[in-house]
Structure formats: C-alpha cells, structure tokens
Amino acid sequence: MEKELKINNTASFKEKLWIGIPVVLLVGLLLTLIYNHHAEFSWDGFVAGFNQEFLVFFAIGVFAQLVDGTLGMGYGATSTSFLLAYGVPPVVSSTAVHVSEMFTTGASALSHHRFGNINKKLVKHLLIPGVLGSITGAYLLSDVIDGDIIKPFIAVYMIVLAIIIIRKALKKNIVKKKTKKLSALAVFGGFMDSVGGGGWGPIVTSTLLGRGRNPRYTIGSVNAAEFAISFASGITFMLFGGIHGWQVIIGLILGGVISAPLAAYLVNKIKRKPMMVAVGVLIILLSLKTLSKLL
C-alpha cells in the first residue's frame with residue numbers, strides 16, 4: 001500500500017511538472033521582458049499601438065494558431081507568409097513569430113495536455129535535438145545572415161513547405177512504419193524553423209503522420225515539443241538580435257493565446273485533408289505575392 005502510494009505521488013508530481021514548467025517559464029519570460037523593456041513603452045504609445053495594423057497582426061495570430069493547433073503544423077509558415085506579404089522584414093517577422101510562439105506554443109501545450117493529446121515519450125525524443133537545431137538557426141539569422149538577401153529564399157522555402165502540406169493531405173493508404181532517426185528529424189526541423197520563420201510542424205508532424213502515427217498524439221506531442229524549440233530560438237533572437245516590432249509580437253501573442261484552447265479542442269473535430277490543402281494553397285499564394293514584390 002505504501003509503495004503504491006509512493007508511485008502515485010511520483011506520477012502526480014511528474015504530471016504537475018508538465019504544467020508547472022511551461023507556466024514558470026512563461027511567467028519568468030514575461031517579467032523579464034517587462035523589466036528590460038518597460039522604458040520603451042508609454043501609455044500614449046500603448047494606446048496608439050492599438051490601430052488597424054495591430055488588428056491585422058492579431059487576426060494573423062488567431063488564424064495561424066487555429067491552423068497550427070488543429071493540423072499540428074503551419075503557425076510559422078502561415079504567420080511568416082502573411083507578415084512577409086504585408087511587408088514586414090524577415091528578421092523582424094522571424095523574431096516576432098518565435099517570441100510570440102514562446103507564449104502561443106505554451107498555451108497550446110497546456111491545452112493539448114488538458115485534452116490528453118500528448119505522447120510524453122515522443123516529446124522527450126524530439127526535445128533536445130530540436131532545441132539545438134533551433135538555437136543554431138536563430139543565431140545564424142540574427143547575427144550572420146543578411147535578412148534582405150534571404151527574403152526571396154524564405155518565400156521559396158514557404159512554397160516548398162506548402163507543397164509538403166498539400167502532398168501529405170492528398171496521400172492515401174498510409175502504411176504504419178517505424179520512425180527512424182527522430183533526432184536528425186528534430187534537429188533539421190528546429191534549424192529550418194528558426195531560419196525560415198516556420199517549418200517545425202510541416203517537417204516533423206508531416207513526416208511522423210506520413211509514417212502512420214496516430215494524428216491526435218502526433219499533433220499534441222509535436223506542439224508540446226514546439227514550446228521548447230520556440231523558447232530556445234526566441235531567447236537566442238533576443239540575445240543576438242534584440243527585439244523589434246513590438247506591435248507585431250503583441251498582436252500575434254494575443255491572437256494565438258486566445259485561439260489555442262479552441263484549436264486543441266478542434267483537433268479531432270475537423271476534417272484535416274481539406275483544411276491542409278486550403279492552408280497549403282494559401283501559403284503558396286502569399287509567398288508568390290512576396291516574390292512578386294522582390295523580383
């Protein structure tokens with residue numbers, strides 16, 4: 001009886017960690033941001049920031065999180081495509097996407113945990129390699145790579161991601177196979193996510209689903225791991241590139257956090273294939289618009 005009680009207490013403690021760690025990290029991040037950047041804000045500036053542009057970024061945040069939370073992919077690709085098409089520079093858009101993802105993926109991870117959508121073993125396999133890849137990519141983009149030069153390449157990369165999403169949606173008769181080299185997949189997904197402003201979901205989720213894994217647990221687990229990946233890349237962007245585009249960041253955060261619980265609830269309620277095709281086509285159109293401005 002005593003041994004059984006001890007096991008239950010250990011299990012209960014581990015369950016609390018899955019909730020406690022994201023909450024502590026998010027509160028710590030919020031307090032740090034307020035402490036370090038409070039001088040940049042004034043009440044007049046805060047009120048002036050709630051204009052038409054803010055509503056655009058808020059709407060992008062809502063839509064991108066609904067896509068990501070229900071499909072297990074697409075937050076970065078969707079929001080980056082919209083931001084680039086709207087004229088936001090690559091470094092600002094990638095920083096904004098990843099800083100906002102630190103909050104939205106935290107809310108998403110907690111929501112998926114609440115609805116029992118997480119395979120903890122899969123999360124552990126993806127976590128550390130994904131973080132290492134994301135830190136490397138964020139450092140290169142913020143301190144080495146010129147954003148103006150890479151902008152057309154990011155647009156092309158987004159088109160490739162969109163094609164991957166559509167291809168996975170149209171694929172029939174998926175045969176379940178054992179997923180090999182999870183670490184390599186996570187490193188590549190984390191790296192491309194940071195450099196391109198998106199890609200963790202389309203690369204990692206689509207590969208795992210293509211191997212016949214259960215959609216519910218795959219989406220929930222990849223979303224949970226994405227919190228650590230976004231946190232690592234967001235901190236790296238802050239350290240090496242600073243934070244720019246507060247209006248974009250706050251709009252994306254508020255929109256994403258509000259829609260995260262709804263997206264986690266809808267993960268088993270919507271038809272995935274039509275939505276994946278629609279999102280893929282939308283990303284292609286937005287990326288072509290960005291390319292047309294650059295050529």
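Residues numbered from 1 in each chain as written. Predicted model: local features only at pLDDT ≥ 70, side-chain atom pairs only at ≥ 80, totals over all residues. Heavy atoms only, no water.

Draft legend 1. Structural detail: the packing of helix α5 (residues 90-114) against helix α11 (residues 246-266). Where α5 contacts α11, the axes come no closer than 8 Å and their chain directions differ by 20°. Comparing the axis directions of α5 and α11 gives the class roughly parallel. Our pair here, α5 against α11, has a crossing hand that is right-handed. Contacts between α5 and α11 involve Ala96, Val97, Val99, Ser100, Phe103, Thr104, Ala107, Ser108, Ser111 and His112 from the former and Val248, Ile249, Leu252, Ile253, Gly256, Val257, Ala260, Pro261 and Ala264 from the latter. (Axes fitted to C-alpha atoms, helices over the stretch in contact; angles between N-to-C directions. Helix = DSSP H or I, 4+ residues; strand = E, 2+ residues; numbered from the N terminus. Parallel < 35°, antiparallel > 145°, perpendicular 65-115°, else oblique. Left-handed = near helix turned anticlockwise from the far one by under 90°. Contact = heavy atoms within 4.5 Å.)

Draft legend 2. Spatial organisation of a positive patch on the surface. Together, Arg167, Lys171, Lys180, Lys181 and Arg211 give the surface a local cluster of positive charge. With respect to the helices and strands, Lys171 occurs in the loop between α7 (147-170) and α8 (182-196). (Patch = residues over 30% accessible without salt bridge, like charges linked within 9 Å, V, L, I, M, F, W, Y side chains within 5 Å. Areas by Shrake-Rupley, 256 points an atom, 1.4 Å probe, with all protein chains shown as cover. Salt bridge = Lys/Arg side-chain N within 4 Å of Asp/Glu carboxyl O. Lys, Arg positive; Asp, Glu negative; His and termini not counted. Charge placed at Lys NZ, Arg CZ, Asp CG, Glu CD.)

Draft legend 3. Up close: the packing of aromatic side chains. Under the defined criterion, the tally for this structure stands at five aromatic pairs. Between Phe63 and Phe82, the ring centres sit 6.1 Å apart and the planes meet at 90°, which makes this aromatic pair edge-to-face. In this pair, Phe63 is assigned in helix α3 (residues 52-71) and Phe82 in helix α4 (residues 75-86), connecting sequence segments 19 residues apart. Taking the centre distance of 6.2 Å and the plane angle of 55° together, the rings of Phe115 and Tyr265 count as tilted. (Phe/Tyr/Trp six-rings, centres within 6.5 Å; stacked < 30°, edge-to-face > 60°.)

Draft legend 4. Spotlight on the nonpolar core. Core analysis: the largest hydrophobic core is formed by 39 residues, its most contacted members being Leu126, Met158, Trp200, Ile203, Val204, Leu208 and Ile283. Looking at this core, the elements with two or more residues in it are α3, α4, α6 (120-143), α7, α8, α9 (200-210), α10 (215-241) and α12 (272-294). If one sorts the elements of this core by residue count, α7 sits on top with eight residues. Setting aside anything within four residues of it in sequence, one finds Leu126 in contact with Leu182, Ala186, Trp200, Val204, Val222, Ala225 and Ile229. Among the nonpolar cores identified, the runner-up in size contains 19 residues, and Phe103, Phe231, Met238 and Ile253 belong to it. (Core = buried A, V, L, I, M, F, W, Y, C linked by side-chain atoms within 4.5 Å. Buried < 20%, exposed > 50% of the residue type's maximum accessible area, 1.4 Å probe, protein only.)

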